[in-house]
Amino acid sequence: MTAIDPQTLEEDREARRARLFTRINKADAWFQVIGLAWMTPILKALAGDNPRAQMKEIWRLLGVPLLAIAAFLVMWGTLAPQVQTSLGAVPGPKQVWTEAVVLHQDAKAKAEKEAKFMERVEARNARFIENGQPEKVKQIAYTGSPSYYDQIWTSIKTVFFGFLIATAVAVPVGILAGLSPIANSAINPIIQIFKPVSPLAWLPIVTMVVSATYTVDDGLFSKSFLTSAITVTLCSLWPTLINTALGVASIDKDLVSVSKVLKMNTWTKITKLVLPSALPLIFTGLRLSLGVGWMVLIAAEMLAQNPGLGKFVWDEFQNGSSSSLAKIMVAVFTIGIIGFMLDRVMYAIQSLFTFTSNR
């Protein structure tokens, strides 16, 4: 039987440990993207990498934020009952959580009701087909009130629709402004004038334009959806446009000289040189635009009555019941959490295409 060299065993353990830390470091990049940076020191501590130092990192990245959240909840629960409004005292964490559970249960009940309705419609159509009456088959739409989750989904669809339109306009115009000083001089005054305009100022104009031009009653999109989405577009395109122009204008002059030596045509220059160099700033603009669009959307939905989170908040405000304020608080937290998730999604996409370390 061959004796195992202790030095070989030690080298093998060190090699396995090095591979483990390499995998942890690779995973850390994605932990940073999704907001779970505290996972890295936990994994390193479990792997035996200086547990004392890793505990300090765990405390900084996880312990301190949790302590701050706990302090916030205590202050909220203590001070809220002391503030009286026309709807009663400001709800504390317990009341808000209770209403969140109620909204979840209501959403489940509405989903079951819709499923039963669709089953009845399918059974009805099946009977007509069996009786040889296919002309009586109809696809009847469910007309019940949307659930809280339906309203969340409507808001997400609306903001992405407006964001995509804004991106389709802002990126080409930003590239043009970055490549041409003359175009930049022409576009810059328009940016400076319209960038500060509030969505509340755009909304009446957009509403009238949509009502005048979109006259189809059974079109693919409702008028309230288009009004909200276009308002999001008008308010959110500026960060992307400005950052794209800045990114294009700041590319290395040596690269521009190389493109001239190689006699690149405009399309090749943009796709092979301009866009790769400007991508970090373009994605920064996209993240800012999506954040602005999400904030603008809530106000737009309130006034346009698009059946999303904004309309939910407005309806609860108008309702004035004892639970309305708590439901509005649920919507506030929902809006904040979704806004954070949207930013993380954009950062994840940015990480796939760029090497920036901005977070």
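Scroll up to find the structure.
Described below are features of the structure shown in this document. (Residues numbered from 1 in each chain as written. Predicted model: local features only at pLDDT ≥ 70, side-chain atom pairs only at ≥ 80, totals over all residues. Heavy atoms only, no water.)

### Topic: the overall build of the chain
Part 1 of the reasoning: If you tally the helices and strands in the chain, you get 12 helices and 2 strands.
Part 2 of the reasoning: The linear arrangement of helices and strands in the chain, starting from the amino end, is α-α-α-β-β-α-α-α-α-α-α-α-α-α.
Part 3 of the reasoning: Here the chain has a C-alpha radius of gyration of 27 Å; the compact-globule value for 359 residues is 21 Å, and the former is much larger.
Part 4 of the reasoning: With respect to the three principal axes, the spread of C-alpha positions in the chain is 80 × 65 × 60 Å.
Part 5 of the reasoning: By residue count, 33% of the 359 residues in the chain fall in the buried class.
Part 6 of the reasoning: In the chain, 69% of the contacts between residues at least 6 apart in sequence involve partners at least 24 apart.
Part 7 of the reasoning: In the chain, the 33 positive side-chain charges and the 25 negative ones have mean positions that sit 4 Å from each other. (Helix = DSSP H or I, 4+ residues; strand = E, 2+ residues; numbered from the N terminus. Rg over C-alpha atoms; globule rule 2.2 N^0.38 Å. Buried < 20%, exposed > 50% of the residue type's maximum accessible area, 1.4 Å probe, protein only. Contact = heavy atoms within 4.5 Å. Lys, Arg positive; Asp, Glu negative; His and termini not counted. Charge placed at Lys NZ, Arg CZ, Asp CG, Glu CD.)

### Here's the deal with the layout of surface pockets
Part 1 of the reasoning: Its volume calculated, the largest pocket comes out at about 330 Å³.
Part 2 of the reasoning: If you trace the largest pocket, you find 15 residues lining it, with Val96, Trp97, Ala100, Val330 and Phe333 closest to the centre.
Part 3 of the reasoning: Mapped onto the lining of the largest pocket, the elements with two or more residues apiece are helix H3 (51–79), helix H4 (93–130), helix H5 (148–179) and helix H12 (324–353).
Part 4 of the reasoning: When its residues are assigned to classes, the lining of the largest pocket shows 13 nonpolar, 2 polar and no charged. (1 Å grid on protein atoms, 1.4 Å probe; cavity = no way out; pocket = protein on both sides within 12 Å on 5 of 7 lines; lining within 4 Å. Points joined across faces, edges and corners; volume = space filled by probe spheres on them. Nonpolar A, V, L, I, M, F, W, Y, C, P; charged D, E, K, R; others polar.)

### Points about the packing of aromatic side chains
Think of a pair of aromatic rings as described by two things: how far the centres are apart, and how the planes are tilted against each other in angle.
Part 1 of the reasoning: All told, the structure shown has 11 aromatic pairs when counted by the stated rule.
Part 2 of the reasoning: Here the aromatic rings of phenylalanine 160 and phenylalanine 163 are separated by 6.4 Å at their centres, their planes lie at 85 degrees, and the arrangement is edge-to-face. One end of the pair is phenylalanine 160 and the other is phenylalanine 163, both in helix H5 and 3 residues apart, which spans about a single turn.
Part 3 of the reasoning: Its relative accessible area of 6% is what places phenylalanine 163 among the buried residues. (Phe/Tyr/Trp six-rings, centres within 6.5 Å; stacked < 30°, edge-to-face > 60°.)

### Concerning the nonpolar core
In summary, soluble globular proteins display a tendency toward joint burial of nonpolar side chains.
Part 1 of the reasoning: Counting 38 residues, the largest nonpolar core has Tyr148, Trp294, Leu309 and Ile338 as the members making the most contacts within it.
Part 2 of the reasoning: Not counting the four nearest positions on each side in its chain, isoleucine 338 is found in contact with Ile152, Ile156, Trp294 and Leu309.
Part 3 of the reasoning: Within the second largest apolar cluster, 9 residues are counted, among which are Ala166, Ala177, Leu241 and Ala245. (Core = buried A, V, L, I, M, F, W, Y, C linked by side-chain atoms within 4.5 Å.)

### Points about the side chain of glutamate 301
Part 1 of the reasoning: Structurally, glutamate 301 can be placed in helix H10 (residues 266–304).
Part 2 of the reasoning: No salt bridge is formed by the buried glutamate 301; its nearest oppositely charged neighbour, lysine 157, is found at 9.9 Å.
Part 3 of the reasoning: Among residues more than four places away in sequence, those in contact with glutamate 301 are Thr154, Ser155, Thr158, Ser228, Asn306, Gly308, Leu309, Gly310 and Lys311. (Salt bridge = Lys/Arg side-chain N within 4 Å of Asp/Glu carboxyl O.)

### Considering the pattern of salt bridges
When the charged atoms of two side chains lie near each other, side chains of opposite charge can form a pair.
Part 1 of the reasoning: For the structure on display, the rule yields 5 salt bridges.
Part 2 of the reasoning: Taken together, the shared-partner salt bridges connect Arg287, Asp343 and Arg344 into one network.

### Focus on unusual backbone geometry
Part 1 of the reasoning: Residue glutamine 305 is not a glycine yet carries a positive backbone phi of 60 degrees.
Part 2 of the reasoning: Within the secondary structure, glutamine 305 is located in the loop between H10 and helix H11 (309–319).
Part 3 of the reasoning: For glutamine 305, a relative accessible area of 32% gives the class partly exposed.

### Regarding the packing of helix H7 (residues 199–213) against helix H8 (residues 223–249)
Part 1 of the reasoning: For the pair H7 and H8, the least separation of the axes is 9 Å and the interaxial angle reads 135 degrees. In terms of orientation, H7 and H8 fall into the oblique class. Remark: the crossing between H7 and H8 carries right-handed chirality. Residues Pro199, Trp202, Leu203, Val206, Thr207, Val210 and Ser211 of H7 pack against Lys223, Leu226, Thr227, Ile230, Thr231, Leu234 and Cys235 of H8. (Axes fitted to C-alpha atoms, helices over the stretch in contact; angles between N-to-C directions. Parallel < 35°, antiparallel > 145°, perpendicular 65-115°, else oblique. Left-handed = near helix turned anticlockwise from the far one by under 90°.)

### As for a nonpolar patch on the surface
Part 1 of the reasoning: Among the surface-exposed residues, Leu66, Ile69, Phe72, Leu73, Phe333, Ile337, Phe340 and Met341 lie close enough to one another that they form a single nonpolar patch of about 780 Å² accessible area.
Part 2 of the reasoning: Mapped onto the nonpolar patch, the elements with two or more residues apiece are H3 and H12.
Part 3 of the reasoning: Mapped onto the elements of the fold, leucine 66 is located in helix H3. (Patch = residues over 30% accessible without salt bridge, like charges linked within 9 Å, V, L, I, M, F, W, Y side chains within 5 Å. Areas by Shrake-Rupley, 256 points an atom, 1.4 Å probe, with all protein chains shown as cover.)

### Remarks on helix H2 (residues 39–46)
Part 1 of the reasoning: Within H2, the full set of buried residues consists of Thr40, Pro41 and Lys44. The arc enclosing the buried residues of H2, seen along the axis, measures out at 95 degrees, which places them on a common side.
Part 2 of the reasoning: Remark: glycine 48 follows H2 within two positions and exhibits a positive phi of approximately 90 degrees. (Arc of directions from axis to C-beta.)

### A look at the packing of H5 against H12
Part 1 of the reasoning: One way to put it is that H5 packs onto H12 with a least axis distance of 12 Å and a crossing angle of 40 degrees. The orientation of H5 with respect to H12, classified from their angle, is oblique. At the point where H5 passes H12, the crossing takes the right-handed sense. For the pair formed by H5 and H12, the contact residues are Tyr148, Ile152, Ile156, Phe160 and Phe163 on the first element and Val330, Ala331, Thr334, Ile338, Leu342 and Met346 on the second.
Part 2 of the reasoning: Within the contact of H5 with H12, the residues separate by chemical class into 10 nonpolar, 1 polar and no charged.

### Focus on the environment of threonine 271
Part 1 of the reasoning: By secondary structure assignment, the location of threonine 271 is in helix H10.
Part 2 of the reasoning: With 135 residues separating them in the primary sequence, threonine 271 and lysine 136 have C-alpha atoms 54 Å apart.
Part 3 of the reasoning: Separated by 2.9 Å, the side chain of threonine 271 and the backbone oxygen of tryptophan 267 make a polar contact.
Part 4 of the reasoning: From its side chain, threonine 271 meets the backbone oxygen of threonine 268 in a polar contact 3.4 Å long. (Polar contact = N/O pair within 3.5 Å; in protein donor to acceptor, adjacent residues only side chain to side chain.)

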